[in-house]
Amino acid sequence: MPRRHVALAVLVAVAWGLNFVVIDIGLESFPPLLFAALRFTVVALPAVFLVGSPRTSWRTVVGVGLFTSTGQFALLFVGMDQGLPAGLASLLLQVQAVFTILLAMAVLGERLTRARAAGVALAVVGIAIIALGRDGDVPLLALALCVGAAASWGVGNVIMRAAQPPAPLALIVWSSLVPPLPLAGLSLAFEGGGSWGDAFSGLGVAGLLALAYVVVIATFFGYGTWTWLMARHPASTVAPFTLLVPVVGIATAWLVRDETPGPAELAGAVVVLAAVALATGLVGSRSQSAAPAPPPLPPG
């Protein structure tokens, strides 16, 4: 990769890593389900009039909207609202690679190589280390919600892999039309209409900037640039940069939110990152005959 492309890939990873702290800040202004609904409303409109047709089936558009968008971000935002630290969230979402591999085996008939099997096993060990050694302020439910978000993301990845859409950015934009109504309905049911009034009446600059960041920087700049890089370089060249995301996320959460990771969290982070590297073929033998894991979609 030319140096300027390497710089772009690093910049995208940094933007996505920062995104988790921004989400945490946004949750101080919005209830989680409403925040997610607003995110996708602003992503979809007016972008659907600018990106062209997704050029794939509407079943694929709805599937990606339900799993990659609605399920992933509803569970992630609620988990963070329930006490999951931003840095830990940036790490646990990387387990989507493991879910993608397991689901691709079950649905698409892909083979499980020894490296991927080792990655899956290591991921389970890493999550167990984090869960058992977590700080007392981190609820187990919040951890479980984030792992559920990674699983939902994995389902969306398999849908994308099966469909092989010719215009992935257009697909992401059009699929963003799916989440607003179900997320708004869930917000009214569980958070109450009064929370909407409180959020909008007390909305300040921090909340508006957080919403703008997750839409403009994390989604349009991040995914747009990532798609551009993936179209010009092999996935095995670009995908390793996603391992920078949890590193940036944990470091930023420490600097900005004073989240100090404990020994178990750091140990679990190393194990999980090693698991993702093994499972996605970023390390280990390149002589395996099975197809490589699909390149990840944008985290958070």
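Residues numbered from 1 in each chain as written. Predicted model: local features only at pLDDT ≥ 70, side-chain atom pairs only at ≥ 80, totals over all residues. Heavy atoms only, no water.

(A) The overall build of the protein chain, seen in detail. Counting its secondary structure elements, the protein chain contains 14 helices and zero strands. Mapped in sequence order, the helices and strands of the protein chain form the string α-α-α-α-α-α-α-α-α-α-α-α-α-α. Relative to the 2.2 N^0.38 estimate, which gives 19 Å for 300 residues, the radius of gyration of the protein chain is 18 Å and therefore close to what a compact globule would have. In terms of its C-alpha atoms, the protein chain occupies a principal-axis envelope of roughly 60 × 50 × 40 Å. Contacts in the protein chain between residues far apart in sequence, at least 24 positions, make up 89% of those at least 6 positions apart. When the accessible area of the protein chain is evaluated, it comes to approximately 12800 Å², of which 69% is carbon and sulfur surface. Charge centroids of the protein chain, computed over 13 positive and 11 negative side chains, lie 25 Å from each other. (Helix = DSSP H or I, 4+ residues; strand = E, 2+ residues; numbered from the N terminus. Rg over C-alpha atoms; globule rule 2.2 N^0.38 Å. Contact = heavy atoms within 4.5 Å. Areas by Shrake-Rupley, 256 points an atom, 1.4 Å probe, with all protein chains shown as cover. Lys, Arg positive; Asp, Glu negative; His and termini not counted. Charge placed at Lys NZ, Arg CZ, Asp CG, Glu CD.)

(B) Spotlight on the packing of helix α3 (residues 58–81) against helix α7 (residues 140–163). At a minimum axis distance of 8 Å, the contact between α3 and α7 shows a crossing angle of 165°. Compared by their axis directions, α3 and α7 come out roughly antiparallel. For α3 against α7, the interelement crossing comes out left-handed. Taken together, the residues of the contact of α3 with α7 sort by class into 15 nonpolar, 10 polar and no charged. (Axes fitted to C-alpha atoms, helices over the stretch in contact; angles between N-to-C directions. Parallel < 35°, antiparallel > 145°, perpendicular 65-115°, else oblique. Left-handed = near helix turned anticlockwise from the far one by under 90°. Nonpolar A, V, L, I, M, F, W, Y, C, P; charged D, E, K, R; others polar.)

(C) Spatial organisation of the pattern of salt bridges. For the structure on display, the rule yields four salt bridges. Close ionic contact of E28 with R257 constitutes a salt bridge, the shortest N to O distance being 2.5 Å. Taken together, the residues E28 in the loop between α1 (3–26) and α2 (32–44) and R257 in the loop between α13 (244–256) and α14 (263–279) connect sequence positions 229 residues apart. Judged by its relative accessible area of 27%, R257 falls in the partly exposed class. Here R116 and E110 are joined by a salt bridge, their closest N and O atoms 3.9 Å apart. Here E110 falls in the buried class, since its relative accessible area comes to 17%. Look at the salt bridges and you will find they share partners, linking D24, E28 and R257 into a network. (Salt bridge = Lys/Arg side-chain N within 4 Å of Asp/Glu carboxyl O. Buried < 20%, exposed > 50% of the residue type's maximum accessible area, 1.4 Å probe, protein only.)

(D) Representation of the nonpolar core. Grouped together as the largest cluster of nonpolar side chains are 71 residues, with contacts concentrated most on L76 and L84. Setting aside anything within four residues of it in sequence, one finds L84 in contact with G79, A89, L92, V138, A142, L143 and C146. (Core = buried A, V, L, I, M, F, W, Y, C linked by side-chain atoms within 4.5 Å.)

(E) Spotlight on the packing of aromatic side chains. Tallied over the entire structure, the rule returns seven aromatic pairs. Relative to F200, the ring of F30 has its centre 6.5 Å away and its plane inclined at 70°; by these criteria the two rings are edge-to-face. Of the two residues, F30 sits in the loop between α1 and α2 while F200 sits in helix α10 (residues 193–201), which places them 170 residues apart along the sequence. Looking at F30, the relative accessible area reads 2%, which means it is buried. The exposure class assigned to F200 is partly exposed, which follows from its relative accessible area of 43%. Positioned above the aromatic ring of F40, the side-chain terminus of R39 is 5.3 Å from the ring centre. Its end group placed over the ring of F73, R39 keeps NZ or CZ at 4.3 Å from the ring centre. (Phe/Tyr/Trp six-rings, centres within 6.5 Å; stacked < 30°, edge-to-face > 60°. Lys NZ or Arg CZ within 6 Å of the ring centre and 35° of its normal.)

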